[in-house]
Amino acid sequence: MKSNIFSMIIYFIITLLYNSCSNDAFVGNIDLKFCGKCANTGQWTVDSFDYNPCFKTNAECLDWAKKNGYSDKQCVLCN
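Since we're looking at a predicted model, the values are computed, not measured.

Rules and cut-offs
Residues numbered from 1 in each chain as written. Predicted model: local features only at pLDDT ≥ 70, side-chain atom pairs only at ≥ 80, totals over all residues. Heavy atoms only, no water. Helix = DSSP H or I, 4+ residues; strand = E, 2+ residues; numbered from the N terminus. Buried < 20%, exposed > 50% of the residue type's maximum accessible area, 1.4 Å probe, protein only. Patch = residues over 30% accessible without salt bridge, like charges linked within 9 Å, V, L, I, M, F, W, Y side chains within 5 Å. Areas by Shrake-Rupley, 256 points an atom, 1.4 Å probe, with all protein chains shown as cover. Salt bridge = Lys/Arg side-chain N within 4 Å of Asp/Glu carboxyl O. Contact = heavy atoms within 4.5 Å. Phe/Tyr/Trp six-rings, centres within 6.5 Å; stacked < 30°, edge-to-face > 60°.

A. Structural detail: the environment of N52. Relative to the helices and strands, N52 is located in the loop between β1 (43-46) and α2 (58-67). Of the residues examined, N52 reaches a relative accessible area of 5% and is grouped as buried.

B. How the structure looks around a nonpolar patch on the surface. On the surface, a cluster of nonpolar side chains totalling about 560 Å² of accessible area is made up of I5, F6, I9, I10, I13 and I14. Among the secondary structure elements, I5 is positioned in helix α1 (residues 2-21). Assessed through its relative accessible area of 45%, I5 is described here as partly exposed.

C. Structural detail: the side chain of S48. Here S48 lies in the loop between β1 and α2. In contact with S48, other than residues within four places in its own chain, are F34, Y70 and K73.

D. Fine view of the packing of aromatic side chains. Tallied over the full model, the rule gives 2 aromatic pairs. Judged by centre distance (5.8 Å) and plane angle (45 degrees), the ring pair of F55 and W64 falls under tilted. The partly exposed category is assigned to W64, whose relative accessible area is 22%. Note on W64 and Y70: the rings are 5.7 Å apart at their centroids and 15 degrees apart in plane angle, and the pair reads as stacked.

E. Representation of unusual backbone geometry within the structure. Even without being a glycine, N40 presents a positive backbone phi close to 60 degrees. Its location among the elements puts N40 in the loop between α1 and β1.

Given below as structure tokens:
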């Protein structure tokens, strides 16, 4: 009797894991933005883990990024 209950529990766990992991295609569409203090302000900031200042335009943000060693980073709009 105990082996039947154990088998059923294992079956449900495996079924749950299989069904929950099979549809993870949406993960590739997640767009991660690191806005920090600029989050939800509608302003621009350099896309990095650092706490960079907020800018009103993309051009200002890119100019600051170029002058401060972030020329390889893009600016993101923090909505």
